[in-house]
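Letter by letter, the chains look like this.
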Amino acid sequence: MKRLVALAALAVLTGPAGVLVAGCGSESAVSLGPPQTTRSTSTSETTGTLPTSLSLEVWFARGDRLTATRRAHAPTPGVATAAVEALLDGPTTAERKSGIATAVPAGTRLLGISIHGGVATVDLTSEYQSGGGSLSMQLRLGQVVYTLTQFPTVRAVRFRLDGAPVNVFSGEGIVLGHPVGRKDYTDLLPVITVETPATGGRATSPVRVSGSANVFEANVTVQVLDANGKVVGRTFTTATCGTGCRGTYSAPVTFKVDREQHGTIVVSDDAAAGAGTPPHVVRVPVILVPG
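Residues numbered from 1 in each chain as written. Predicted model: local features only at pLDDT ≥ 70, side-chain atom pairs only at ≥ 80, totals over all residues. Heavy atoms only, no water.

To continue, consider the overall build of the protein. Helix and strand content of the protein: 3 helices and 19 strands. When burial is assessed residue by residue, the protein has 50% of its 291 residues classed as buried. Considering only contacts within the protein whose residues lie at least 6 apart along the sequence, 61% involve residues at least 24 apart. Looking at the protein as shown, the accessible area adds up to about 12,700 Å², and 53% of this sits on carbon and sulfur atoms. (Helix = DSSP H or I, 4+ residues; strand = E, 2+ residues; numbered from the N terminus. Buried < 20%, exposed > 50% of the residue type's maximum accessible area, 1.4 Å probe, protein only. Contact = heavy atoms within 4.5 Å. Areas by Shrake-Rupley, 256 points an atom, 1.4 Å probe, with all protein chains shown as cover.)

With respect to the helices and strands, Gly63 occurs in the loop between strand 4 (54-62) and strand 5 (65-73). Take Gly63: its relative accessible area is 63%, and that puts it in the exposed class. Placed 38 residues apart in sequence, Gly63 and Ala101 show a C-alpha to C-alpha distance of 7.8 Å.

Apart from glycine, the bulk of residues carry a negative phi angle, and the bulk of peptide bonds sit in the trans form. Here the bond from Thr196 into Pro197 is cis, since omega is 0°, no more than 30 degrees from zero. When you line up the elements, Pro197 lands in the loop between strand 12 (192-196) and strand 13 (202-204). Cis geometry marks the peptide bond from Ser205 to Pro206; its omega dihedral reads -5°. Along the chain, the position of Pro206 falls in the loop between strand 13 and strand 14 (207-213). Of note in the backbone geometry, Ser170 takes a positive phi value of approximately 65° without being a glycine. Tracing the sequence through the fold places Ser170 in the loop between strand 10 (168-169) and strand 11 (174-175). Backbone geometry at Thr243 places phi at a positive 55°, although glycine is not the residue there.

A separate point is the pattern of salt bridges. Using the criterion set out here, one finds 6 salt bridges in the structure. Note that Glu57 is salt-bridged to Arg70, the shortest N-O span being 3.5 Å. Highlighted residues: Glu57 in strand 4 and Arg70 in strand 5, separated in sequence by 13 residues. The closest approach of N and O atoms between Asp64 and Arg65, which form a salt bridge, is 3.6 Å. Look at Asp64 and you get partly exposed, because its relative accessible area is 38%. Linked through salt bridges whose partners overlap, the residues forming this network are Glu57, Arg70 and Arg182. (Salt bridge = Lys/Arg side-chain N within 4 Å of Asp/Glu carboxyl O.)

This paragraph deals with the sheet that holds strand 13. The sheet built from 5 strands is open, its strands ordered 13-19-18-15-16 with mixed pairing. A single partner strand is all that each edge strand has here, and the edge strands are strand 13 and strand 16 (231-238). When the angles between neighbouring strand axes are averaged without regard to direction, this sheet yields 35°. The pairing of strand 13 with strand 19 (residues 281-289) spans 3 bridges and is classified as parallel. (Pairing = 2+ DSSP bridges. Axes fitted to C-alpha atoms, helices over the stretch in contact; angles between N-to-C directions.)

Moving on, we come to the packing of aromatic side chains. What describes a pair of aromatic rings is the distance from one ring centre to the other and the angle between the planes of the rings. Taken as a whole and assessed by the stated rule, the structure comprises 3 aromatic pairs. Ring geometry for Tyr128 against Phe159: centres 5.8 Å apart, planes inclined by 25°, an arrangement best described as stacked. Linking Tyr128 in the loop between strand 7 (119-124) and helix 3 (134-148) with Phe159 in strand 8 (residues 156-161), this pair joins segments that are 31 residues apart in sequence. Its relative accessible area of 0% is what places Tyr128 among the buried residues. Residue Phe159 is classed as buried on the basis of its relative accessible area of 5%. Their ring planes at 45° and their centres at 5.5 Å tell us that Tyr128 and Phe169 sit as a pair that is tilted. Separated by 41 residues along the polypeptide, Tyr128 in the loop between strand 7 and helix 3 and Phe169 in strand 10 bring together distant segments of the chain. Of the residues examined, Phe169 reaches a relative accessible area of 1% and is grouped as buried. An aromatic cluster is present here, built from Tyr128, Phe159 and Phe169 joined pairwise through their rings. (Phe/Tyr/Trp six-rings, centres within 6.5 Å; stacked < 30°, edge-to-face > 60°.)

And the structure:
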């Protein structure tokens, strides 16, 4: 199916009053929320103190659906560049073992990012459109779009390949004639997504579990399992929307373990028709750390 796709991209620097300014190209200033530090900025460089750490959302694939992970990154003036490069680096070993993969072809490189009026233009090498069928093409486009639209002022995306504007993507004939955003890829999301904690990440009680869901009556159950599969923490929450619409959820879960160990965060909806088994379950491997 032909789809209009936009890629929102942002290479940013933190500035006064939470304004972030592009770190490369001719990106204009955008806001990413309250500032961690205050510094003077320009369109390509900054002075002052960088944030002490960055937590970036990077989207990969699990089967035929998109899935979010997190990446810790050293302070950098190019936040969007860091996010895209983390995406191009692919899943970690732990993520691959848990079933996370990428539809982005090996060898794809980022050539540049620019942003004007909330529309980001991302320039990738031509390897990006090589190989794969229609689903693979949609997934790789969705991966980039979701990774970059984590920045709230980035609304839409345009693609370039080797510097040339893309109007039709790959031999699958996917139309990219105007910018599009996350709404163009919602059909690639699983019923439940878990965005935090990250796969393989360290979790200390209480651990905050967040993501999105489109489930019956918006009901979301979160459990923490220890290395033996025993439930050591549990809570219930509701998404902001449900039963036919996607909403977000976020809840702290208290758990207790006596030693550092492998564990699992399990997020599910209600058991179907009293059968006792939730119809949708997401399992995220983590390292449980005593509080």
